[in-house]
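# Working through the structure, step by step
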Amino acid sequence: MNTGDAAWVLVSSAMVLFMTPGLAFFYGGMDRSRNVLNMLMMNFWCLLIIPILWVVVGYSIAGGNFDAAFFGGFGAAFLKGIGLEGEGAKQLLTIAFLGMFAVITPALISGAVAGRMKFTAWAIFAPVWMLLVFAPVFKWVYGGWLGVRGSLDFAGGTAIHVNAGIAALVAVLILGKRRGWPQEGSPPHSMPLVMIGTGILWFGWFGFNAGSALGANGQAVQAFMNTFLAAAAGGLAWVLVERVRDGHPTNLGAASGIVAGLVAVTPACGYVSSMSSIWIGLAAGVVCSYAVRIKFKGGFDDALDVVGVHFVGGLVGSLMIGLFADSSHFGAEHLDGLFYGGGFKLLLEQAIANGVTIIYSAIVTALILLAIKATVGLRVSDDEELTGLDSVEHGETAYHFGEVTMGRG
Amino acid sequence: MKLVTAVIKPFKLDDVKEALKSAGVVGVTVTEVRGFGRQGGHTETYRGTEYQVDFLPKVKVEVIVDDADVDGAVEAIVSSARTEKIGDGKVWVTTIDDLIRIRTGERGAEAV
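Just so it is clear, the model here is predicted, and its values are computed rather than measured.

## Examining the overall build of chain B
A count of helical and extended segments in chain B gives two helices and six strands. Going from N to C terminus, chain B has its helices and strands arranged as β-α-β-β-β-β-α-β. Against the 2.2 N^0.38 benchmark of 13 Å for 112 residues, chain B shows a C-alpha radius of gyration of 17 Å, more extended than a compact globule. Reported as C-alpha extents along the three principal axes, the dimensions of chain B are approximately 60 × 25 × 20 Å. Taken over 112 residues, chain B has a buried fraction of 32%. Carbon and sulfur atoms form 50% of the exposed surface of chain B, whose accessible area is close to 7,100 Å². Charge centroids of chain B, computed over 16 positive and 19 negative side chains, lie 5 Å from each other.

As structure tokens, this is what we get:
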């Protein structure tokens, strides 16, 4: 194994791991103060259960038999036969790197269901969803039938953001609204926490995107540059829209635009040049700043805008590959976008890959949630929702003001 | 003995404290409070959605004075807290039945 490649992917893996706490703060700051610990724990739960499930069977389904079109099989379950000799260490490193993606993908959904989901229901949903939805779709997109047809998804626009985003929409439709929504507002309880989370996410995203080159090479450098530019462009676009439309450029607008730009450039970053990534970021910032309002028209309580930012942003980025993909820039062989002489072929393949993902993810997510609803139940009671999930579900309080002393029960 | 209570703009607290000290008041209790009056609230915008904030942050100042010192204390607060803009707050005076200094057990006017 090339030591430069190994070093970069090792560092990238740790950076992607850091994104899940970053996401937890990003979401946690936007949540109410009585539910912030529940939000953090929904994300940290993914860090507890998914790594183990990933090596037991998740990786095998998602990538075990690389030539399989639909299902990776159980051949690599329990990492059977993967040692350190030959290409073994490289494979083990890839499994670790991809495991970080398996952790954060279900964690993305947590922002939609904030404030009313039973923790037990989430604790079952997140790992089951990873196995039944994330792992198979990952297989189809990377080396499976959707990838072989010609669709492109460098670091997980279709397989991660569109996939988790549509699952979030289905989840809030089955779970129902929070009490009082939308008449009663619940603005972010801590904007500084949101901004810290955004910073951690942007930092980690360099590992997510540039690490997906799986080596220290030119494609990684271009993906790194694109991650830098699209995030800035997304934040810039969102803030400019706000200044004109609402009067104030807000911190939450900057943070949301940065994340929207990052989401959109994720599938594209290894296939497009620097200037294209700016257009992708700008488009994501503008489109998502309007998409977060759809929930009020549609009447679905997507609490922290997972649909408006991740689903819509992922779709924008994935479809824009169909415009901007430039194989000659990378000296690679894949379909080119409309603007680079490839015609409509790639755009069509991108639409097919996302369409298939949306249909599959929506159906299986619904089945998982309906099964949980029929057994342990999905929602906390109205009283518990009003009391707050931190105290009810975790027996903790996020903020103790003044000098609080407690007797030793 | 009277309890003089004032609800004022938070950034005026320092001026009010100095004015009360100059007026000879020896102790002040301060609480951060929220409320609304004729000033109303304000709006905040998050992801393009407007939220109405009805309860504005104010500071409540409480001082206990001898009957003879009430006018001086009230005048100190009113003159130092006034900006002549809406939302300056109010001052009110209530009679106290009894007062006890915890350290010594002194009661009534001696405990002021």
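## Notes on the overall build of chain A
When helices and strands are tallied, chain A shows 16 helices and zero strands. The C-alpha atoms of chain A give 21 Å as radius of gyration, which agrees with the globular expectation for 409 residues (22 Å, within 12%). Considering chain A as a whole, with its 409 residues, one finds that 59% of them fall into the buried category. Residue pairs in contact within chain A that sit at least 24 positions apart in sequence constitute 78% of those at least 6 positions apart. Working note: accessible area of chain A is about 15,800 Å², and carbon and sulfur atoms make up 68% of it. In chain A, 20 side chains carry a positive charge and 24 a negative one; their mean positions are 7 Å apart.

## Focus on the interface of chain A and chain B
Every contact between the two is made by 20 residues of chain A and, on the other side, six residues of chain B. Across the chain A to chain B interface the summed buried area is about 970 Å²; carbon plus sulfur atoms make up 59%. At the boundary of chain A with chain B, the tally comes to one salt bridge. In this structure, the salt-bridge partner of Asp305 of chain A is Arg47 of chain B, at a minimum N-O distance of 3.0 Å. Where chain A meets chain B, there are four residue pairs in polar contact (both at pLDDT 80 or more). Elements that contribute at least two residues to the side of chain A that touches chain B include exactly α1 (3–30), α8 (218–245) and α9 (251–268) of chain A. Ranked by the residues each element gives to the side of chain A that touches chain B, the list is headed by α8 of chain A, at three residues. Of the residues assigned to the side of chain A that touches chain B, the class counts are eleven nonpolar, four polar and five charged.

What counts and what doesn't
Every chain is numbered on its own, with residues counted from 1 as its sequence reads. Both sets of labels track the order of writing: A upward for chains, 1 upward for ligands. It should be noted that, the model being predicted, local features are given only for residues of pLDDT at least 70 and side-chain atom pairs only at 80 or more, the latter also being counted only at that level, while totals for whole chains, interfaces and linings use all residues. The side-chain values count all of the structure's non-hydrogen atoms but skip hydrogen atoms and water molecules. We count a stretch as a helix when DSSP gives it H or I for four or more residues in a row; a strand needs E for two or more, and each element gets its number in order from the N terminus. Each radius of gyration reported is based on C-alpha atoms, and the globular scaling rule is 2.2 Å times the count of residues to the power 0.38. Whether a residue is buried, partly exposed or exposed follows from its accessible area with a 1.4 Å probe, protein chains only, as a fraction of its type maximum: under 20%, in between, or over 50%, in that order. For the area figures, the Shrake-Rupley method with a 1.4 Å probe applies, and any residue is considered shielded solely by the protein chains shown. Positive residues here are Lys and Arg, negative ones are Asp and Glu, while His and the chain termini are left out of the count. For the purpose of locating charges, the reference atoms are NZ of Lys, CZ of Arg, CG of Asp and CD of Glu. Any two residues whose heavy atoms approach within 4.5 Å are treated as being in contact. Two parts placed together each lose some accessible area under a 1.4 Å probe, and adding up what both lose gives the buried area. One speaks of a salt bridge when a side-chain nitrogen belonging to Lys or Arg is within 4 Å of a carboxyl oxygen belonging to Asp or Glu. Throughout this description, a polar contact denotes any pair of N or O atoms lying within 3.5 Å of each other; where both atoms belong to protein, one of them has to be capable of donating a hydrogen while the other can accept it, and for residues adjacent in sequence the pair is counted only when both atoms sit in side chains. Under the convention adopted here, Pro, Cys and the residues Ala, Val, Leu, Ile, Met, Phe, Trp and Tyr are nonpolar, Asp, Glu, Lys and Arg are charged, and Gly plus all remaining residues are polar.

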